[in-house]
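The primary structure of each chain is shown beneath.
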Amino acid sequence: MLGACIGDIIGSVYEYGNWKSRDFPLFSEKSEFTDDTVCTIAVAESLLDGTDPAAALRLWGRRYPGRGYGGRYAVWLKDPKMGPYNSSGNGAAMRVSPAAWLARSLEEALAFARQVTEVTHNHPEGIKGAEATVTAIWLARQGEAPVAIRRRIQDSFGYDLSRTVDEIRPDYRFNEFCQDTVPQAIVCALEAASFEDTIRNAVSLGGDADTLAAIAGPIAEVLHGIPEDIRRKSWMRLPKDMRDVLDRLYQQATA
C-alpha cells in the first residue's frame, strides 16, 4: 500500500506535464501527496475498522481538502446524501490497494475491492479496474511471477497487456478512465526490474502520472520491495495520521 502513496508523491510533479522520459528527479520540493493518497488511506482505515467506506472517504477528504479531487468526486465529498455516480474513472484503481493487503483470499480481496469502489465508481469499467489492480497485487503477494500475473489479468479482465512501455509511450496521452489507465499501469509494473524502474515507467508515459504510478506502485512494492531511501523520503512527506494508518495496515496484514 505504501507503494501507492510513493507513486502518488513522485508522480504529483509530473501529472499535467506530458513527461515522456524516464529521466527525472524522483523528489523535489514540490513533491507531495494528492487525492490518490488521501483516498487510499481512507480505504485502508475503512477496511481496518469495518466502517462505511463512503463515510471514511468523506472524512479524509474533508480533513485534506484541495488535493486535486476530480470534479464529480469533489461534489460527492461535500454532499453526504449523494450516492454513486456511475464513474469509470481511474480513482477506482488508485485507492484500492489496501484490499489486497487485508484480504485472506483472492475472493475476499475482490469483495473488498467492490465494497470500497461501488460507493462512487459503480460503472462496470470502474469496478473492473479496481478488481484487476487488486488481483495483480494479490497474485504478487502469493509469489506469482510477472508473466503469470500478466496472463491472469488478460484472461480474467480482457485487458491487452501485450505492448511494452516503449510501445505505449509515443501515443499515450493524459486519460482519467480505468480502461485507459489500469492496463498501462500494470504493464509498467510487470515489465520493470525494480520498484524505481516501475515508477519511472509510469511517469514516462506522459499521462495522469501520479495515478499511473499509484496503481503501478503497490504491485511493484510486492514484486521488488521499496528501496529504503525512497521509502524514507516519501514517509517524511506524509502526516502522522496517515503514517499511523499505514502502520496499522502492515501490522494486521503481516500478523
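The structure presented is a predicted model; accordingly, all values stated were derived computationally and were not measured.

Asks: Could you give an account of the overall build of the protein chain, with specific residues and numbers?
Replies: Helix and strand counts for the protein chain stand at 15 helices and zero strands. Its C-alpha atoms give the protein chain a radius of gyration of 16 Å, within 12% of the compact-globule value 18 Å for 255 residues. Among the 255 residues that make up the protein chain, the fraction classed as buried is 58%. Carbon and sulfur atoms form 49% of the exposed surface of the protein chain, whose accessible area is close to 10400 Å². The distance from the centre of the 29 positive side-chain charges to the centre of the 35 negative ones in the protein chain is 3 Å.

Asks: So what about the pattern of salt bridges? Which residues, and what values?
Replies: Enumeration over the complete set of coordinates arrives at 12 salt bridges. Note that Asp 49 and Arg 248 form a salt bridge whose closest N and O atoms lie 2.5 Å from each other. Here Arg 248 lies in helix H15 (residues 240-253) and Asp 49 lies in helix H2 (residues 35-49), a separation of 199 residues in the sequence. Residue Arg 248 is classed as partly exposed on the basis of its relative accessible area of 33%. The partner of Arg 200 in a salt bridge is Glu 196, and the shortest N-O contact between them spans 2.9 Å. Residue Arg 200 and its partner Glu 196 are both found in helix H12 (residues 195-204); the two are separated by four residues, about one turn of the helix. Assessed through its relative accessible area of 30%, Glu 196 is described here as partly exposed. Each of Asp 229, Arg 232 and Lys 233 takes part in a single network of salt bridges with overlapping partners.

Asks: Got a sec to walk through the packing of helix H1 (residues 2-11) against H12? Specific residues and values, please.
Replies: Look at H1 against H12: their axes get within 10 Å of each other, and the N-to-C directions meet at 45 degrees. Overall, the two elements H1 and H12 adopt an arrangement that is oblique. In the crossing of H1 with H12, the sense of the turn from one axis to the other is right-handed. On H12, the residues that touch Gly 3, Ile 6, Gly 7, Ile 10 and Gly 11 of H1 are Phe 195, Ile 199 and Val 203.

Asks: So, H15: which residues are in play, and what are the values?
Replies: Along an α-helix, residues three or four apart share an orientation, since each turn contains 3.6 residues. Across its 14 residues, H15 extends 20 Å between first and last C-alpha, which sits within 8% of the 20 Å expected from 1.5 Å per residue. Those residues of H15 not exposed but buried are Met 242, Val 245, Leu 246, Leu 249, Tyr 250 and Ala 253. Taken around the axis of H15, the buried residues stretch over an arc of 130 degrees, which confines them to a single face. Exposed residues lying more than 90 degrees from the buried face of H15 are Lys 240 and Gln 251.

Asks: Describe helix H13 (residues 209-224), with residues and values.
Replies: Gly 217 marks the point of greatest bend in H13, at about 30 degrees, and the proline Pro 218 comes within the next four residues. Once H13 ends, the next one or two residues include Gly 225, with phi positive near 80 degrees.

Asks: Would you mind going over the environment of Pro 183 in detail, with residue names and values included?
Replies: Turning to its location among the elements, Pro 183 is positioned in helix H11 (residues 182-190). With 46 residues separating them in the primary sequence, Pro 183 and Asp 229 have C-alpha atoms 28 Å apart. Excluding anything up to four places from it in sequence, Pro 183 contacts Tyr 159, Asp 160, Leu 161 and Cys 178.

Asks: Can you lay out the packing of H1 against helix H14 (residues 228-235) for me, pointing to particular residues and giving the numbers?
Replies: Where H1 meets H14, the axes come as close as 10 Å, and the angle between the chain directions of the two elements is 75 degrees. When the axes of H1 and H14 are compared, the pair comes out roughly perpendicular. Here Leu 2, Ile 6, Ile 9 and Ile 10 of H1 come into contact with H14, specifically with Ile 230, Arg 231, Ser 234 and Trp 235. When the residues that make up the contact of H1 with H14 are grouped by side-chain class, the tally is six nonpolar, one polar and one charged.

Reading the values: the criteria
- Residues numbered from 1 in each chain as written.
- Predicted model: local features only at pLDDT ≥ 70, side-chain atom pairs only at ≥ 80, totals over all residues.
- Heavy atoms only, no water.
- Helix = DSSP H or I, 4+ residues; strand = E, 2+ residues; numbered from the N terminus.
- Rg over C-alpha atoms; globule rule 2.2 N^0.38 Å.
- Buried < 20%, exposed > 50% of the residue type's maximum accessible area, 1.4 Å probe, protein only.
- Areas by Shrake-Rupley, 256 points an atom, 1.4 Å probe, with all protein chains shown as cover.
- Lys, Arg positive; Asp, Glu negative; His and termini not counted.
- Charge placed at Lys NZ, Arg CZ, Asp CG, Glu CD.
- Salt bridge = Lys/Arg side-chain N within 4 Å of Asp/Glu carboxyl O.
- Axes fitted to C-alpha atoms, helices over the stretch in contact; angles between N-to-C directions.
- Parallel < 35°, antiparallel > 145°, perpendicular 65-115°, else oblique.
- Left-handed = near helix turned anticlockwise from the far one by under 90°.
- Contact = heavy atoms within 4.5 Å.
- Expected span 1.5 Å × (residues − 1).
- Arc of directions from axis to C-beta.
- Bend = angle between axes of the 7 residues up to and from the residue.
- Nonpolar A, V, L, I, M, F, W, Y, C, P; charged D, E, K, R; others polar.

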